[in-house]
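Coordinates in review
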Amino acid sequence: MTIVLSKAWAFVVRDFRIESGYKATFIMRVVESLMYLVLFHFLSEMITPRGGPGLQSVGGRYFPFAIIGLAFARYFDLMLKMFSESIRTAQVTGCLEAMLSSQTGAVSIVLMSSFYGLISGAVQLLVILLMGALAYGVEFSNANVFATLVVLATSMMTFVAFGVLAAAAVVWLKRGDPITWLFSGFGSIVGGAYFPVSVMPPWLQKIALLLPTTYSLEALRLTMLNGYSIQMASKPFLALALMACTLLPASLVLFTAAVRKGRREGTLAHY
């Protein structure tokens, strides 16, 4: 366990040193999130106090609905991208073959490479929620903290699974990441990050039922804004948990298979 923790810490320190050399990037991400926050606030001012269809479960107000979608959709988007970006960076810099040929397993490497991104993304997530509460009076006092953390942890497992699948695609395809392309922007929009799924055409609603974003955001809104317990939000939570339990092991197996294939064919250093 000590060895595993020391390796994980080494990955965090490495990524921190890399990002600390590009402070403007982190600042721009935070500022971009806050700009979206202002945008959705003024958009919410145009919506009637009773809200529209699909907002009844969050008290009929659009802005609290939107801030949850904005904050967590951006965090989930980061989780989708960070694995494939880490693998792609290692490919381009010529480090991937050396990393994956070390005594540390390929699965451990790809998971540990995400730790700093998770921490950095969590800071941005908290900044958005804090500014929404302080600047615009979004009320989180009714939040069920335990249920929210359970839903968030389950959501992270699900999106980590898709992120690992994206990393496997990069190892296999070298260029192009169809997983991130499909689930990033498209998943946020169709998954109800910025408007209720119920206002979409029926055929899009059916697609939304296949996306983890749909269930994650629905459960998070219920636990954070209405104070629902896990039992009360069981419908979206169970669907999310089923995805996490099936997709995470499968993604790790596929990533291992992609690395094994690259080693056998000698293509890990190609990009």
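The structure displayed is predicted, hence computed values, not measured ones.

In this structure, the second largest pocket encloses a volume near 430 Å³. Taken together, 18 residues form the lining of the second largest pocket, with Pro196, Val197, Ser198, Thr214 and Glu218 sitting closest to its centre. Sorting the residues of the lining of the second largest pocket by element identifies helix H11 (212-225) and helix H12 (234-265) as the ones contributing at least two each. A total of five residues in the lining of the second largest pocket trace back to one element, the largest contributor, which is H11. Considering only residue class, the lining of the second largest pocket consists of eight nonpolar, seven polar and three charged.

What the rule picks out here adds up to six aromatic pairs. Considering the side-chain rings of Phe72 and Phe76, the 6.2 Å spacing of their centres and the 40 degrees angle between planes classify their relative orientation as tilted. With Phe72 and Phe76 both in helix H3 (residues 62-92) and four residues apart, the pair spans about one turn of that helix. Residue classification places Phe72 among the buried residues on the basis of a relative accessible area of 2%. A residue is classified by how much of its surface remains accessible, and Phe76, at 1% relative accessible area, is buried. Here Phe76 and Phe159 contribute two aromatic rings whose centre-to-centre distance is 4.4 Å and whose plane-to-plane angle is 5 degrees, an arrangement assigned as stacked. Of the two residues, Phe76 is situated in helix H3 and Phe159 in helix H7 (residues 145-173); the sequence distance between them amounts to 83 residues.

Looking now at H11. A rise of 1.5 Å per residue sets the reference length of H11, with its 14 residues, at 20 Å; its end C-alpha atoms lie 20 Å apart and thus fit the reference within 8%. Burial analysis of H11 places 13 of its 14 residues in the buried class, the great majority of the element. Downstream of H11 by a residue or two, Gly227 has a phi angle that is positive, lying close to 75 degrees.

Tallied over the entire structure, the rule returns two salt bridges. Arg74 is the salt-bridge partner of Glu32, the closest N and O atoms lying 3.2 Å from each other. Note that Glu32 is positioned in helix H2 (residues 23-45) and Arg74 in helix H3, a separation of 42 residues in sequence. The class for Glu32 is partly exposed, based on a relative accessible area of 35%. The class of Arg74 is partly exposed, set by a relative accessible area of 23%. When the shortest N-O distance is used, the salt bridge between Lys81 and Asp77 registers 3.2 Å. Of this pair, Lys81 and Asp77 are both found in helix H3, four residues apart, which corresponds to roughly one turn of the helix. For Lys81, a relative accessible area of 28% corresponds to the partly exposed category. Judged by its relative accessible area of 17%, Asp77 falls in the buried class.

Our next topic: empty space enclosed by the protein. Taken as a whole and judged by the stated rule, the model has one cavity of 30 Å³ or more. Taken together, Ala73, Phe76, Asp77, Leu80, Phe159, Phe183, Ser184, Ser188 and Thr213 form the lining of the largest cavity.

For the pair H7 and H11, the least separation of the axes is 9 Å and the interaxial angle reads 165 degrees. Between H7 and H11, the interaxial angle falls into the category roughly antiparallel. When you trace H7 past H11, the crossing you get is left-handed. Each of Ala147, Thr148, Val151, Leu152, Ser155, Thr158, Phe159 and Phe162 in H7 lies in contact with H11, whose residues at this interface are Pro212, Thr213, Ser216, Ala219, Leu220, Thr223 and Met224.

A few words now on the confidence of the model for the chain. Per-residue pLDDT for the chain averages 81, and the proportion of residues at 70 or more is 83%. Averaged pLDDT values over the elements of the chain bottom out at 65 in helix H4 (residues 96-100) and peak at 94 in H11.

Among the nonpolar cores identified, the biggest contains 62 residues, and Ile68, Phe72, Phe76, Met79, Leu129, Phe140 and Phe255 are the most heavily contacted of them. Taken together, the elements giving at least two residues each to this core come down to H2, H3, helix H6 (115-136), H7, helix H10 (202-208), H11 and H12. Residues within four places of Phe140 in sequence aside, it is in contact with Ile67, Ile68, Leu129, Ala133, Met224 and Leu225.

Under the 1.5 Å per step criterion, the end-to-end length of H6 is 31 Å for 22 residues, consistent within 8% with the ideal 32 Å. Trailing H6 by a residue or two, Gly137 shows a phi angle of about 70 degrees, which is positive.

A word on a nonpolar patch on the surface. A cluster of nonpolar side chains, Ile27, Val31 and Met35, forms an exposed patch at the surface whose accessible area comes to about 300 Å². Inspection of the secondary structure assignment puts Val31 in helix H2. Val31 gets classed as partly exposed once you look at its relative accessible area, which sits at 39%.

Scoring rules and cut-offs
- Residues numbered from 1 in each chain as written.
- Predicted model: local features only at pLDDT ≥ 70, side-chain atom pairs only at ≥ 80, totals over all residues.
- Heavy atoms only, no water.
- 1 Å grid on protein atoms, 1.4 Å probe; cavity = no way out; pocket = protein on both sides within 12 Å on 5 of 7 lines; lining within 4 Å.
- Points joined across faces, edges and corners; volume = space filled by probe spheres on them.
- Helix = DSSP H or I, 4+ residues; strand = E, 2+ residues; numbered from the N terminus.
- Nonpolar A, V, L, I, M, F, W, Y, C, P; charged D, E, K, R; others polar.
- Phe/Tyr/Trp six-rings, centres within 6.5 Å; stacked < 30°, edge-to-face > 60°.
- Buried < 20%, exposed > 50% of the residue type's maximum accessible area, 1.4 Å probe, protein only.
- Expected span 1.5 Å × (residues − 1).
- Salt bridge = Lys/Arg side-chain N within 4 Å of Asp/Glu carboxyl O.
- Axes fitted to C-alpha atoms, helices over the stretch in contact; angles between N-to-C directions.
- Parallel < 35°, antiparallel > 145°, perpendicular 65-115°, else oblique.
- Left-handed = near helix turned anticlockwise from the far one by under 90°.
- Contact = heavy atoms within 4.5 Å.
- pLDDT = per-residue confidence, 0-100.
- Core = buried A, V, L, I, M, F, W, Y, C linked by side-chain atoms within 4.5 Å.
- Patch = residues over 30% accessible without salt bridge, like charges linked within 9 Å, V, L, I, M, F, W, Y side chains within 5 Å.
- Areas by Shrake-Rupley, 256 points an atom, 1.4 Å probe, with all protein chains shown as cover.

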